[in-house]
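This is what each chain is made of:
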Amino acid sequence: MDGDKVEIDGGIMEGGGQILRVSTALSCVLGLPLRVRRIRAGRSQPGLRPQHLSGLEIIRDLCEGKLEGGEIGSTEITFTPGKIKGGTHIADTKTAGSVCLLMQVAMPCVLFAASPSELHLKGGTNAEMAPQIDYTVMVFKPIVEKFNFTFNCDIKKRGYYPQGGGEVVVQMSPVKELSPINLTERGTVTKIYGRAFVAGALPIKLAKDMSAAAVRCIRKEIRDLYINIQPVREPDDQAFGTGSGIIVVAETSTGCLLAGSSLGKRGKNSDKVGIEAAEILLRNLKHGGTVDDSMQDQLIIFMALAKGVSRVKSGPITLHTQTAIHFAEQLTKAKFTVTKSEEEDPSKDTYIIECKGMGMINPNL
């Protein structure tokens, strides 16, 4: 049997959970049995953490596959996918592990299912080292839907570090195939908006401070634009635990969305949280790309599966993106090229990511 399994080295390049997410999602979609060794070898605590395991379990359940080595701390798994079914599925990290990362791994699979899916994802909605759920809804969703599919994401309850306890429900229908995207025209920034939130025991004043600090920071660079960052206190029945944070989004004349976000934590001044998010946004605006550096790597798997040539203009290519490209090419036969963007001012670090997609056709439809 071993001869037929695709071997994945989980310790190279970015060396984290993303290798597992990209390769198991593609294994599921393409029906390729997989062995992943040296899982998260690049991390201080190697092997599977609860959120990686719940991601593997939801993929296994989605396609009635076989998973071996699926336990916390495991550094090697084998996965044999079955047919992607659709229906209702639950994944619970039982920690503050990110629901957004669970969504990242499941979404390509349910697009190629036999029937519509409803995913109940439980864990942290606003977690460190992962996109916040607000980013997923405000930035990721409108951009990824350009591949010609739609999904609904209902935030039932927000959950924060360390307990988690959040839940989102994602509903999606399968597609026959994905269309390619062309995101190469940045346009000009037309508006900047966002939300600064507190939940649990924290006063609304912290949200107002984060918002005001972010606005002041952006104003130094961009003077003439209306900036609307709403301070919000999450309703107690819609949030579990105590948390705070901010997301700031810039929208352009061509419909591009770029963002910066930051989370509050104990001992971290709320002004600093606001300034951090603003600085990330400004940095993303400076390079002249059409997507921010969090979005860059999340598009790779969809570009690889789409039919035709996709092109995206971005800032410097992140290690996450290089890693996603490496494994997408290894598994799908899609072909990526990354070139320095010529038409930009040479001082800008702008690139074109181009992909000739494999043109995956949903065998179940």
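Refer to the structure presented above.
In this text the structure is predicted, and so the values were computed from the model without any measurement.

Colleague: Would you mind showing me how to read the overall build of the chain here?
Modeller: When helices and strands are counted, the chain shows nine helices and 17 strands. Over its C-alpha atoms the chain spans a radius of gyration of 20 Å, differing by no more than 12% from the 21 Å that the globule rule assigns to 365 residues. In terms of overall dimensions, the chain has C-alpha extents of about 60 × 50 × 40 Å along its principal axes. When each of the 365 residues of the chain is scored for burial, the buried share is 55%.

Colleague: Mind showing me how you'd approach the sheet that holds strand 5 (residues 87-92) here?
Modeller: Either a parallel or an antiparallel arrangement is found when strands of a sheet pair, and the pairing is made through backbone hydrogen bonds. Here five strands make up an open sheet; going across it, the order is 5-6-8-7-12 and the pairing mixed. The open sheet has two edge strands with one neighbour each: strand 5 and strand 12 (239-240). Here strand 6 (residues 117-123) runs beside strand 8 (residues 166-172); their pairing, made up of seven bridges, is antiparallel. Residue pairing in the sheet places Glu118 in a bridge with Gln171 of strand 8. Set on the sheet, helix 2 (residues 50-62) makes contact with strand 5 and strand 6; between it and strand 5 the angle comes to about 165°. Across the sheet, helix 3 (residues 99-111) touches strand 5, strand 6, strand 7 (151-159) and strand 8, and the angle it forms with strand 6 is around 165°.

Colleague: Hey, could you run me through the packing of helix 1 (residues 17-30) against helix 2 in this one?
Modeller: Helices that pack against each other are described as a pair by the angle of their axes relative to one another and the distance between those axes. Helix 2 packs onto helix 1 with a crossing angle of 5° between their chain directions and a minimal axis gap of 10 Å. By the angle between their directions, the pair helix 1 and helix 2 is classed as roughly parallel. Residues Gly17, Leu20, Arg21, Thr24, Ala25 and Cys28 of helix 1 lie in contact with helix 2, whose contacting residues are Gln51, His52, Leu56 and Ile59. Tallied by class, residues from the contact of helix 1 with helix 2 come to five nonpolar, four polar and one charged.

Colleague: Could you clarify how one ought to interpret the pattern of salt bridges in this entry?
Modeller: Pairing is possible between side chains that carry opposite charge, provided their charged atoms lie close to one another. Taken as a whole, this structure holds 23 salt bridges when the rule is applied. In this structure, Asp134 engages Arg158 in a salt bridge whose closest nitrogen and oxygen atoms are separated by 2.9 Å. One end of the pair, Asp134, is in helix 4 (residues 133-144); the other, Arg158, is in strand 7, and 24 residues separate them in sequence. A residue is classified by how much of its surface remains accessible, and Asp134, at 3% relative accessible area, is buried.

Colleague: Hey, could you run me through the state of the cysteines in this one?
Modeller: Joining two cysteines, a disulfide is a covalent bond between their sulfur atoms. Scanning the model with the defined rule gives zero disulfides in all. A disulfide-free cysteine, Cys153 has its sulfur positioned 7.5 Å from the sulfur of Cys100, the nearest such atom. Owing to a relative accessible area of 13%, Cys153 belongs among the buried residues under this scheme. Not engaged in a disulfide, the cysteine Cys256 finds its nearest cysteine sulfur in Cys355; these two sulfurs lie 19 Å apart. On the basis of relative accessibility, which here comes to 6%, the residue Cys256 falls in the buried class.

Colleague: When you look at the sheet that holds strand 13 (residues 243-252) in this model, what are you seeing that I'm missing?
Modeller: Strand order in this open sheet of four strands is 11-10-13-14, and the pairing throughout is mixed. Whereas interior strands pair on both sides, the edge strands pair on one side only; in this sheet they are strand 11 (227-233) and strand 14 (257-263). Here the strands of the sheet are splayed against their neighbours by 15° on average, with no regard to which way each runs. For strand 13 and strand 14, the ladder comprises seven bridges, and the chain directions are antiparallel. Its bridge partner lying in strand 14, Val249 is registered against Ala259. Its contacts with the sheet put helix 4 on strand 10 (189-199), strand 13 and strand 14, and the angle it makes with strand 14 is roughly 160°. Along the sheet, helix 5 (residues 204-221) contacts strand 10, strand 11 and strand 13; its crossing angle with strand 11, the most-contacted strand, is approximately 165°.

Criteria and cut-off values
Residues numbered from 1 in each chain as written. Predicted model: local features only at pLDDT ≥ 70, side-chain atom pairs only at ≥ 80, totals over all residues. Heavy atoms only, no water. Helix = DSSP H or I, 4+ residues; strand = E, 2+ residues; numbered from the N terminus. Rg over C-alpha atoms; globule rule 2.2 N^0.38 Å. Buried < 20%, exposed > 50% of the residue type's maximum accessible area, 1.4 Å probe, protein only. Pairing = 2+ DSSP bridges. Contact = heavy atoms within 4.5 Å. Axes fitted to C-alpha atoms, helices over the stretch in contact; angles between N-to-C directions. Parallel < 35°, antiparallel > 145°, perpendicular 65-115°, else oblique. Nonpolar A, V, L, I, M, F, W, Y, C, P; charged D, E, K, R; others polar. Salt bridge = Lys/Arg side-chain N within 4 Å of Asp/Glu carboxyl O. Disulfide = S-S within 2.5 Å.

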